[in-house]
Amino acid sequence: MSMNRREFLQTLAIAAASGFALDSRSALASGNAGSFYDLPPFGNVSLLHITDCHAQLLPIYFREPNVNIGLGQSLNKVPHLVGENLLKTFKIRPRTPEAYAFTCLDFENAAHTYGKVGGFAHLSTLIKQIRASRPGALLLDGGDTWQGSATALWTRGQDMVDAGKLLGVDVMTGHWEFTHGAERVKQVVDNDFKGKVDFVAQNIKTNDFGDPVFQPYVIKQINNIPVAIIGQAFPYTPIANPRYMTADWSFGIQDDNMQLVVNEARAKGAVVVIVLSHNGMDVDLKMASRVSGIDAIMGGHTHDGIPAPIIVKNADGQTLVTNAGSNGKFLGVLDFNVRSGKVVDFKYKLLPVFANLIEPDAEMANLIKAVRAPYEAKLAEKLAVTEGSLYRRGNFNGTFDQLILDALIEVKGADAAFSPGFRWGTSLLPGEAITLEHVMDQTAITYPQTTLTEMTGATIKSIMEDVCDNLFNADPYKQQGGDMVRVGGISYTCDLRQGIGKRINNMMLNGKALDPNKKYKVAGWAPVSEGVTGEPIWDVVSGYLRDKKVITPRKLNLPKLIGVDGNAGIS
Amino acid sequence: MNQERRTFLKSAGAVGAIAVAIAAGLLKPGEAFAAAWNSLAFTAKTATDALTNSGYSGASESNDILIKVPEIAENGAVVPVEATSNIPGTTSMAIFVDKNPNPLIADFTFLNGAEPFISTRVKMAMTSIVRISVKAGGKAYTASREVKVTIGGCGG
């Protein structure tokens, strides 16, 4: 049974008893956005940063992870801190709006109290307000903007292209954008963006002759100070996503070329050099230690909302590394004080976007309304009601992934199921109706086919080992930035003291050890090879939900982790 | 690269490119293809045998061999490998992929002081050490990098 009104009120009462205010507006601030978002101007070069909004035009809930494990050099270091560990490190008080924004702590109660986050109309108002006090400030979009919602999928990203332009994005780089295909990206960059938005990427070259596909960087004047913005697209796009979608392009980290581009920009007079990155934060931190001459790497991809920059020393000084979260939850504001041709000081603030605190911008609200209008009724279909909260983010299965896995196993008649470890996907609170829009928020990709494949136990293990290494390889440059593949039906242990081939052990299916030589039916979705056919994942999940009507709290199939005692990435 | 050059090279094709290389004195016809073929080295099944049979065993590690390879291969069928030897008097450079069924990929001879730079693509079935070995002044040198080969998917 779902939570009824009485239970809901009881939950609120518990929230009140534990120190939460009930009215989100008064809980958030003293009645208006003015005080919360009062950010005094500083210096003379300001950069505003959004990243990984995943096409969320409207305010949403987004639960931050309770498992984000760091190992080796990343052990107990940013961004591998969750819950109380993150609060302590950044001196954020618990049970505050900031604690709700940056951690998963007491998520359900805090979400009831402080409300939804993000939304482009709200973001737009906030950006206008911040820009008003910072003339000449640039707005940077780190990518993963054109994917993550039904409307972005069905308009081939056009809704987000238009919204980004209206938001006033100046410079952009990308990742999921490329899953609309190379031609589509080129079409937008050469037409919609022409003369308005600079799409930059130093690390995308043609496969044949190694020619740049996009301009590697752009130099813009802020208060008459030349500022270079260098693009770093997601280095592993052709590996993590279907290669055939960008068949003629090569990506990669290419930090030697990054150094050349930094030097070239400096030689052309850039006084401030910024890298707009979709590396993922661990890769950003390593890159900052190897390449010199960058003032700040403003990054995304791994969806880490990090309240303060990390200062990395390198051969020629230091580089700030910032990461600005996901799903429109945050706006990063980096202010530099530049004197005599040099950065002398900085201030940084990662502002959470609380929808209840900000008046939506009318023009943006109208655009959103217009782009949604043709699809609104279809997306509003209530497929089922969830009794527990549903979320995805975390190194291992989230509850929404578990729901997808349960649906795949049942609908496909499979022994086991795999679901990709994506980091996008919004959250639902207990008692909420699951609409088609929510399902699309978890599944809206251009390669949505579901599959049922016979695999030996040995193959299943090798796939899990491979993905696990992409997450936990000791070298950040050999990580891909997704989370562990979500596994349904098979329990396992994961020994994080080991290397590839030795982490995944004790695999059991229905109480029996998995036989390496026996074949099992494994359901999955999001195939990266070309020409795969199969019912789209959203149809499989929607059908399952319509059938069940009420979704009981999911039992998570989590591996037993070994070698993570005291790890600050587990809450 | 300008469009004309791209179109020209595309239509000229691989044979054309080799012809250009021979004309430029980078490759010696006949000698490069037939006489220098070292069957024992190219059919060796282990890295140790391949190194021994090609005369690169006992090489000392060198920082003067610069290797450019991806950290993770985008396509295991065509992994770009680029290498430069800054060791004076370099006369040959070879590429080994330790875990390949036949680890020796190519052995290049540089005549008359040709610049010791190679750029090619290799096929890799699994994560492996990619080794560049150099002969200079009668001695052998080596440097290596790991290239990861993964099934992909599941990212971001």
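These numbers come from a predicted model, not from an experiment.

(A) Geometry of the domain arrangement of chain A. Residue and element names in this part refer to chain A. Assigned domains of chain A: these are domain 1 (51–370) and domain 2 (380–562). Mapped by element, the contributors of at least two residues to the side of domain 1 that touches domain 2 are helix H6 (107–114), helix H8 (150–154), helix H11 (237–240) and helix H13 (281–290). Per element, the largest residue contribution to the side of domain 1 that touches domain 2 is four residues, and it comes from H6. Grouping the constituent residues of the side of domain 1 that touches domain 2 by class yields 19 nonpolar, 18 polar and five charged.

(B) Representation of the UniProt feature "domain: 5'-Nucleotidase C-terminal" (unreviewed entry) in chain A. What UniProt calls "domain: 5'-Nucleotidase C-terminal" (unreviewed entry) maps, in this numbering, to residues 397–534 of chain A. Within residues 397–534 of chain A, the helical portion is 28% and the strand portion 28%, while the C-alpha atoms at the span's ends are 23 Å from each other.

(C) Structural detail: the sheet that holds strand S2 (residues 65–68) of chain B. Residues and elements named next belong to chain B. The three strands lie next to each other as S2-S3-S6, forming an open sheet whose pairing is antiparallel. Here the strands that pair on one side only, and so sit at the sheet edges, are S2 and strand S6 (117–122). Averaged over neighbouring strand pairs, the angle between their axes works out to 15° when direction is ignored. Relative to S6, strand S3 (residues 79–85) runs antiparallel, the two sharing six bridges. Each bridged residue has a counterpart across the sheet, and for Val79 the counterpart in S6 is Val122.

(D) Representation of helix H9 (residues 158–167) of chain A within the structure. Residues and elements named next belong to chain A. Those residues of H9 lying buried are Asp159, Met160, Val161, Ala163, Gly164 and Leu167. As for H9, its buried residues are in contact with helix H7 (120–132), strand S2 (138–141), H8, helix H10 (182–192) and helix H14 (362–372). Backbone geometry just after H9 places Gly168 at a positive phi near 95°.

(E) Spatial organisation of the nonpolar core. Residues and elements named next belong to chain A. The biggest cluster of nonpolar side chains holds 201 residues, and the ones touching the most others in it are Leu48, Ile229, Ile230, Val272, Ile274, Leu331 and Val353. It is helix H18 (residues 457–472) that provides the largest number of residues to this core, a total of seven residues. Leave out the neighbours within four places in its chain, and Leu331 touches Leu48, Ile50, Leu123, Leu126, Ile127, Leu351 and Val353.

Rules and cut-offs
Residues numbered from 1 in each chain as written. Chains lettered and ligands numbered in written order. Predicted model: local features only at pLDDT ≥ 70, side-chain atom pairs only at ≥ 80, totals over all residues. Domains from an automatic or database assignment. Helix = DSSP H or I, 4+ residues; strand = E, 2+ residues; numbered from the N terminus. Nonpolar A, V, L, I, M, F, W, Y, C, P; charged D, E, K, R; others polar. UniProt positions renumbered as here; feature names shortened; annotations may be inferred. Pairing = 2+ DSSP bridges. Axes fitted to C-alpha atoms, helices over the stretch in contact; angles between N-to-C directions. Buried ≥ 20, exposed ≤ 12 C-beta atoms within 10 Å, placed from the backbone. Contact = placed C-beta atoms within 7 Å. Core = buried A, V, L, I, M, F, W, Y, C linked by C-beta atoms within 7 Å.

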